[in-house]
Number of protein chains: 2
Amino acid sequence: MANPVLPSSGVLSPLGLDAVRLSPGFWGDRIALNSEVTIAHCQEWEEREGWIGNFRGERPRRGREFSDSEIYKLLEAMSWAGHPGLTALAETVAKAQEGDGYLNTRWSGSRYTDFEWGHELYCYGHLIQAGVARLRMHGEDVLTQVAVKAADHVCRRFMEGNETCGHPVAEMALVELYRVTGTERYLEMARRFVERRGLPALGDIPFGRAYYQDDLPIRQAQVFRGHAVRALYLASGVVDVAVETGDQELLKTVESQWERTVARRTHLTGGMGSRHADESFGEDYELPPDRAYNETCASIASIMLAHRLLLATGDVRYADLTERTLYNMLATGVALDGRSFFYANPLQVRVPAVPLEGVNHAAEGGLRSPWFDVSCCPNNIARTLASLPAYVAAATRDGIVIHHLTPAEIRHEGLAVRVETGYPWTGSVSVRVLADGEGRIGLRVPAWASDATLAHVPVSSQDSPLPDGPVIRPVSPGYAHVDGPWRAGDEIRLELPMRPRWTFPDRRIDALRSTAAVERGPLVYCAESVADEPPLGEVTARIEPPVEHEADGVVELEVAASIGAGVNGGWPYEPAAADHEDGADTTVRLVPYHRWGNRGPATMRVWLPI
Amino acid sequence: MANPVLPSSGVLSPLGLDAVRLSPGFWGDRIALNSEVTIAHCQEWEEREGWIGNFRGERPRRGREFSDSEIYKLLEAMSWAGHPGLTALAETVAKAQEGDGYLNTRWSGSRYTDFEWGHELYCYGHLIQAGVARLRMHGEDVLTQVAVKAADHVCRRFMEGNETCGHPVAEMALVELYRVTGTERYLEMARRFVERRGLPALGDIPFGRAYYQDDLPIRQAQVFRGHAVRALYLASGVVDVAVETGDQELLKTVESQWERTVARRTHLTGGMGSRHADESFGEDYELPPDRAYNETCASIASIMLAHRLLLATGDVRYADLTERTLYNMLATGVALDGRSFFYANPLQVRVPAVPLEGVNHAAEGGLRSPWFDVSCCPNNIARTLASLPAYVAAATRDGIVIHHLTPAEIRHEGLAVRVETGYPWTGSVSVRVLADGEGRIGLRVPAWASDATLAHVPVSSQDSPLPDGPVIRPVSPGYAHVDGPWRAGDEIRLELPMRPRWTFPDRRIDALRSTAAVERGPLVYCAESVADEPPLGEVTARIEPPVEHEADGVVELEVAASIGAGVNGGWPYEPAAADHEDGADTTVRLVPYHRWGNRGPATMRVWLPI
């Protein structure tokens, strides 16, 4: 079962890389690019920066205190992708492991002297996730031995006491290692890390203990807060612990934290974490488009969390947020050539970025960069894309459900289907049954698809078509199910309405007042203006139906607008309100948000003044 | 000439603490409180935190790498205030000075090894400013000897080469030391520091070289950028160098940088520096109310710069911005009891702060704090309030101008006047001549005062009043002048319109779209809601004339509004715009922004949705 998450119970059981194979298409192409380009790109940079050399004992040690973890994320990506370079890299890592299982190129010699910022358990967490991936895709080898030895060391060292790490991730990694090995102490260790947090377990820091979710015990918190990646990794581990220990109350707690976070602390793109200063969520309704931090890694963590909640509950809302985040954050995080990355993902950029060569020292948005001082995002993208097929569909009690509508072949027990679609550009989805079989097939109808229809077209009717064509029925957002039995050639046709639609913000989101955005299907669109021509700061859009243009298989849009300068003299605050009616007519071109920044330095805005 | 800034040329000559004495009133009361409470408060905390102990050689050294500078800012405040504790504190400092003039409790032993972050020249700058204040108020003593010795060391060490400091301030300090001593090498050293910057002179850092204004030579920059305090301190030093070297082009450059910054990067309160992450300006029109950083020290730096530009050019716009910043930033930065301080000054607070005791480790707004890990703001407030009389009036070629309308006695050559006013609460200002004399008297009519009137009431007419009363003439914003000769008892009466007024943002300020604020006189008002009752996130104001209430000498306002929740379900982005007309009628109480946060934890907003 080649899966990054494999719970022993839950409403849905995931289908892994052995059951789901993506075909060429939006995600299949990206997975291929990841495997062929991005993984090697990451390894090259980690070698160049000396982060791999650290494991060989090269001195001075280079990189940040958590750079070991980047190699582990890459090893996880290599595991899922079956990358031939894995063994050599894993052997390099193994050489740095000490006799008792301790492994860290920064803190060897001063072990466990800084739980707040040391990241030692965080590094183990990623090492263990790599080991789990390798066990599931391949079986035992040097990498899995290193990971298990490290996990055993962690259990010996931390089972008693009240210590934990400033950066969660070990929690979910240990549960997964329990799931793959059956060794219960890993689950118990994870459970204790979860329950220790917020007692408090860590020291106070200038950002406050909420930064690393140590301000409150997990059961008392009402919303995700503090550093977004930390908060979402922790919540993922908590769901894993709750599921394996049968703690329904704990699961419900995370569900309710998620619910409030999605309703009040999430950007239209699915991005989470508004603040630059501490990479944190910020307050309810603090959702500035320009300074939205929306770290790529936080969106990956959000996908990991929503996937776990989906499997545990079967609630479609988790798949809806995952889709939004996949198309508008994960797909945005990496350039079309697979070699450069966004760290922050703002929804507005006022000034075109200055092109950089080499490492980007700042985690700002504007132009994708080949590498960062802190390069979690490239490696996280690599491991997520490499395991993405496991997020596409799941097994139910009596069949399968397909969460994400993308070209694929899916096989599970008696069922084998091929999904064909031009989604997200077109709304037509065909699911063709490949072999006679039994079982219920479910398709997710996205939350935004209010006029979707579904047709069940038996192969028999294809031979002798019905006089009125197949029976087409309307389907509501949620899961639309069709029952078997099936004959090879049977088809389910889902039609989703792909009209562009205007979307308006809740009035409590101060930073978006009197603006609107355009979405089409699962895609958020944005105005992109190369070299700020036209100047996007002076555009006011009209709420009229956008016009569609297709170019090279990509749907772009055009909206009517007026353009005109502000009222600014020497002081930008005036005794009369600006007149929004005095601009000249123009049109503004919108591109899918995930494609912005691929044409060179540009200004951009998702939310258009209206 | 007891003045923090004393240029050898310029359109205006400052009047110092020897010429201007503030009487009880808005600023006179605050100066007295500063002298009686705040200065001692700062000294107590610096002792408690060990920052003074560092000069005694106590180990381990405590505080940040720039903590020496806090003691110097405090010594400057003590100099202006004539504080009796000065000599003992200065002697403590003197003991730590090395034979060649070097003085730094952090870097002694590893001198000048970190120009980017070491702050050694920054510390000297504040030491020299303290020495200049002492020389002007008192004459030579232990403090001035230490300062001069340090300045001589700086000149010997740095006159050649291309080094400078990551944090400007030495530039303006050295020019002032030249002005008070006549020693030209101090001016030359300042000039070289100014011209070296941006060649570049410092290393690259993750924030980018713009952080410390080393991205461009000063003559090529078009706007203030990077760390706000650094940018504004540097610009102040550049004006000083330009004035003393007669470099009109350099002066014009700073004027034009100031102009664009005020038009595009300044908050309604006069606050500068939008970003938390690097305490920087951010881009043009990036003026978020909630995340406005607006460091108190940046506002003080802005006052220092505008004062210099005012003296050099006589242009009233610099006095207008200074007034705005004084009443809405400096007065906000310190609590009514003089013992707690804001570091950041946002224009919106959504969640009431949690009360803190002791040091505040975060520079967030919400509640004033008695002390910070980085406590520049309390000491900067202390030195600014102690020297504030020097900002009130200036000498012209043929008389005086009064920039700031506050109770005071002003004496200059043949002129002696007493200003009486309840400003900023009332708009009536009386300037009474105290002795027979000659000369032109100018009064600043603030930029917002579009219907002001002025009357000249000779003492003779007071004995036998004119049948129709004194001649009242309308005066426009700018300086209104009345010519002598004067007889003791003559009076000038200025009447300023104090109607509350609605103010609207330039349409390019995205974060303020569809909001308005209320101002009255020089004061910006804000809605303050203790414990968020009523919930300020749900209020929509009506653009109707606010109602005034006076309570304890403070004018509060009330505006009509509707109140109603947002449209939020589980996802805060909806296919229809929120209906703003569906709320219940209510009123919202507005208080002067500078008084907010004095009634306990509260939510607050300056810009009201309309």
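Calculation notes
Residues numbered from 1 in each chain as written. Chains lettered and ligands numbered in written order. Predicted model: local features only at pLDDT ≥ 70, side-chain atom pairs only at ≥ 80, totals over all residues. Heavy atoms only, no water. Helix = DSSP H or I, 4+ residues; strand = E, 2+ residues; numbered from the N terminus. Rg over C-alpha atoms; globule rule 2.2 N^0.38 Å. Buried < 20%, exposed > 50% of the residue type's maximum accessible area, 1.4 Å probe, protein only. Areas by Shrake-Rupley, 256 points an atom, 1.4 Å probe, with all protein chains shown as cover. Lys, Arg positive; Asp, Glu negative; His and termini not counted. Charge placed at Lys NZ, Arg CZ, Asp CG, Glu CD. Least-squares fit on C-alpha atoms with pLDDT ≥ 70 in both. Contact = heavy atoms within 4.5 Å. Axes fitted to C-alpha atoms, helices over the stretch in contact; angles between N-to-C directions. Parallel < 35°, antiparallel > 145°, perpendicular 65-115°, else oblique. Left-handed = near helix turned anticlockwise from the far one by under 90°. Expected span 1.5 Å × (residues − 1). Polar contact = N/O pair within 3.5 Å; in protein donor to acceptor, adjacent residues only side chain to side chain. Domains from an automatic or database assignment. Buried area = accessible area lost by both parts, 1.4 Å probe. Salt bridge = Lys/Arg side-chain N within 4 Å of Asp/Glu carboxyl O. Nonpolar A, V, L, I, M, F, W, Y, C, P; charged D, E, K, R; others polar. Pairing = 2+ DSSP bridges.

*Asks:* Looking at this structure, how should I read the overall build of chain A?
*Replies:* Each helix and strand counted, chain A has 13 helices and 25 strands in total. For 610 residues, the compact-globule estimate of 2.2 N^0.38 gives 25 Å, and chain A sits close to it at 24 Å. A total of 610 residues make up chain A; the buried ones form 65% of that total. Carbon together with sulfur atoms contributes 49% to the accessible area of chain A, which is approximately 20300 Å² in total. Taking the 60 positively charged and 82 negatively charged side chains of chain A as two groups, their mean positions are separated by 3 Å.

*Asks:* Whenever I open this one, the relation of the copies chain B and chain A confuses me. Can you help?
*Replies:* The two chain copies are related to each other by a rotation about an axis together with a translation along it. Superposing chain B onto chain A requires a rotation of 180° together with a translation of 0.0 Å along the rotation axis, leaving an RMSD of 0.0 Å. Both copies are brought into coincidence by an operation consistent with a two-fold rotation axis. Minimal C-alpha distance to the rotation axis in chain B is attained by Ala-277 of chain B, lying at 2.0 Å. Interface residue correspondence from chain B to chain A reaches 100%, placing this contact among same-surface, isologous pairings.

*Asks:* I would appreciate a short explanation of unusual backbone geometry in the present structure.
*Replies:* A negative phi angle characterises most non-glycine residues, just as the trans form characterises most peptide bonds. Residues Gly-484 of chain A and Pro-485 of chain A are joined by a peptide bond in cis, for which omega reads 0°. Tracing the chain through its elements places Pro-485 of chain A in the loop between β14 (478-482) and β15 (491-495). Cis rather than trans, the peptide bond between Arg-59 of chain B and Pro-60 of chain B has omega equal to 0°. Along the chain, Pro-60 of chain B turns up in the loop between α1 (26-48) and α2 (68-81). Phi is positive for Ser-514 of chain B, close to 60°, though the residue is something other than glycine. Following the sequence through the fold, Ser-514 of chain B ends up in the loop between β16 (501-505) and β17 (515-520).

*Asks:* Looking at this structure, I do not really get the packing of helix α10 (residues 296-313) of chain A against helix α11 (residues 316-333) of chain A. What am I missing?
*Replies:* All names here are of chain A. Across the interface, α10 lies against α11 with an axial gap of 9 Å and an inter-helix angle of 155°. If you check the angle between α10 and α11, you find them roughly antiparallel. Crossing angle aside, the handedness with which α10 passes α11 is left-handed. Contacts between α10 and α11 involve Thr-296, Ser-299, Ile-300, Ser-302, Ile-303, Ala-306, His-307, Leu-309, Leu-310 and Thr-313 on the former and, on the latter, Tyr-318, Ala-319, Leu-321, Thr-322, Thr-325, Leu-326, Met-329, Leu-330 and Gly-333.

*Asks:* Can you help me understand helix α8 (residues 228-245) of chain A in this one?
*Replies:* Given 3.6 residues to a turn, an α-helix orients residues that are three or four positions apart in the same direction. Residue and element names in this part refer to chain A. Compared with the 26 Å implied by 1.5 Å per residue over 18 residues, the 26 Å span of α8 between its first and last C-alpha is a close match. Burial within α8 is extensive, with 17 of its 18 residues counted as buried. In the stretch just after α8, Gly-246 is the one whose phi turns positive, near 70°.

*Asks:* How do you make sense of the side chain of Gln-257 of chain A when you look at a structure like this?
*Replies:* Residue and element names in this part refer to chain A. Here Gln-257 is to be found in helix α9 (residues 248-264). Here Gln-257 falls in the buried class, since its relative accessible area comes to 1%. Among the polar contacts made by the side chain of Gln-257, one reaches the main-chain carbonyl oxygen of Ala-221 at a distance of 2.8 Å. Not counting the four nearest positions on each side in its chain, Gln-257 is found in contact with Ile-218, Ala-221, Gln-222, Val-223 and Phe-224.

*Asks:* Which parts of the structure should I look at to understand the domain arrangement of chain A?
*Replies:* How large an interface is tends to be reported as the accessible area lost when its parts come together. All names here are of chain A. One can read the domain layout of chain A as domain 1 (13-391), domain 2 (393-423 + 428-495) and domain 3 (501-609). Of note, the centres of domain 1 and domain 3, computed from C-alpha atoms alone, are 33 Å apart. Contact residues are listed per partner, giving 30 residues for domain 1 and 28 residues for domain 3. For the pair domain 1 and domain 3, the summed buried area comes to about 2400 Å², and 62% of that belongs to carbon and sulfur atoms. Taken as a group, Leu-268, Tyr-285 and Leu-336 account for 24% of the area that domain 1 buries against domain 3, more than any other trio of residues on that side. As a salt-bridge pair, Arg-324 and Glu-519 come within 2.8 Å of each other at their nearest N and O atoms. Along the contact surface separating domain 1 from domain 3 lie 12 residue pairs in polar contact (both at pLDDT 80 or more). Those elements that provide at least two residues to the side of domain 1 that touches domain 3 are α1 (26-48), α11 and β3 (348-349). Here the element with the most residues in the side of domain 1 that touches domain 3 is α11; it accounts for six residues.

*Asks:* I'm lost on the side chain of Gln-97 of chain B in this one. Help?
*Replies:* All names here are of chain B. Assignment of secondary structure puts Gln-97 in the loop between α3 (86-95) and α4 (120-137). Taking the relative accessible area as the measure of exposure, Gln-97 reaches 12% and is therefore buried. Only 3.1 Å separates the side chain of Gln-97 from the backbone oxygen of Val-146, close enough to count as a polar contact.

*Asks:* Quick question: what am I supposed to make of the pattern of salt bridges here?
*Replies:* Pairs can form between side chains of opposite charge whenever their charged atoms are close. Summed over the entire model, instances satisfying the criterion amount to 111 salt bridges over all chains. In this structure, Arg-508 of chain B engages Glu-538 of chain A in a salt bridge whose closest nitrogen and oxygen atoms are separated by 4.0 Å. Here the residue Arg-508 of chain B occupies a position in the loop between β16 and β17, and Glu-538 of chain A occupies one in the loop between β18 (523-530) and β19 (539-541), the pair thus bridging two chains. Judged by its relative accessible area of 22%, Glu-538 of chain A is partly exposed. Each of the salt bridges in this network shares a partner with another, and the network as a whole consists of Arg-136, Glu-176, Arg-179, Asp-240, Glu-244 and Arg-308 of chain A.

*Asks:* Mind showing me how you'd approach the interface of chain B and chain A here?
*Replies:* Between chain B and chain A, the residue contacts involve 63 residues of the former and 64 residues of the latter. Here chain B meets chain A over a buried area of about 5000 Å², counting both sides, of which 51% is carbon and sulfur. A salt bridge links Asp-510 of chain B to Arg-605 of chain A, with the nearest nitrogen and oxygen atoms 2.7 Å apart. At the surface where chain B touches chain A, the tally comes to 15 residue pairs in polar contact (both at pLDDT 80 or more). Of all the elements in the fold, those that place two or more residues in the side of chain B that touches chain A are α9 (248-264), α11 (316-333), β16 and β22 (573-574) of chain B. Among the elements that make up the side of chain B that touches chain A, the one with the highest residue count is β16 of chain B (four residues). Its residues assigned to classes, the side of chain B that touches chain A shows 27 nonpolar, 15 polar and 21 charged. Here two bridges tie strand β22 (residues 573-574) of chain A to β16 of chain B, and the two strands are oriented antiparallel to one another. Along β16 of chain B, the bridge assignment pairs Glu-574 of chain A with Phe-504 of chain B.

*Asks:* How should the environment of Ala-331 of chain A be read in this particular structure?
*Replies:* Residues and elements named next belong to chain A. Inspection of the secondary structure puts Ala-331 in helix α11. By relative accessible area, which is 2% here, Ala-331 ends up buried. Measuring from C-alpha to C-alpha, the distance between Ala-331 and Ala-81 comes to 18 Å, with 250 residues separating the pair along the chain. Setting aside anything within four residues of it in sequence, one finds Ala-331 in contact with Phe-26, Trp-27, Arg-30, Leu-326 and His-594.

*Asks:* So what exactly am I meant to see when it comes to the packing of α9 of chain B against helix α10 (residues 296-313) of chain B here?
*Replies:* When two helices pack together, their arrangement is given by the angle between the helix axes and by the axis-to-axis distance. All names here are of chain B. Interhelical geometry of α9 versus α10 gives an angle of 130° and a closest axis separation of 11 Å. Taken together, α9 and α10 sit at an angle that is classed as oblique. Along this stretch, α9 crosses α10, giving a crossing that reads as left-handed. Judged by residue contacts, Leu-251, Val-254, Glu-255 and Trp-258 of α9 engage Leu-305, Ala-306, Leu-309, Ala-312 and Thr-313 from α10. Grouping the constituent residues of the contact of α9 with α10 by class yields seven nonpolar, one polar and one charged.

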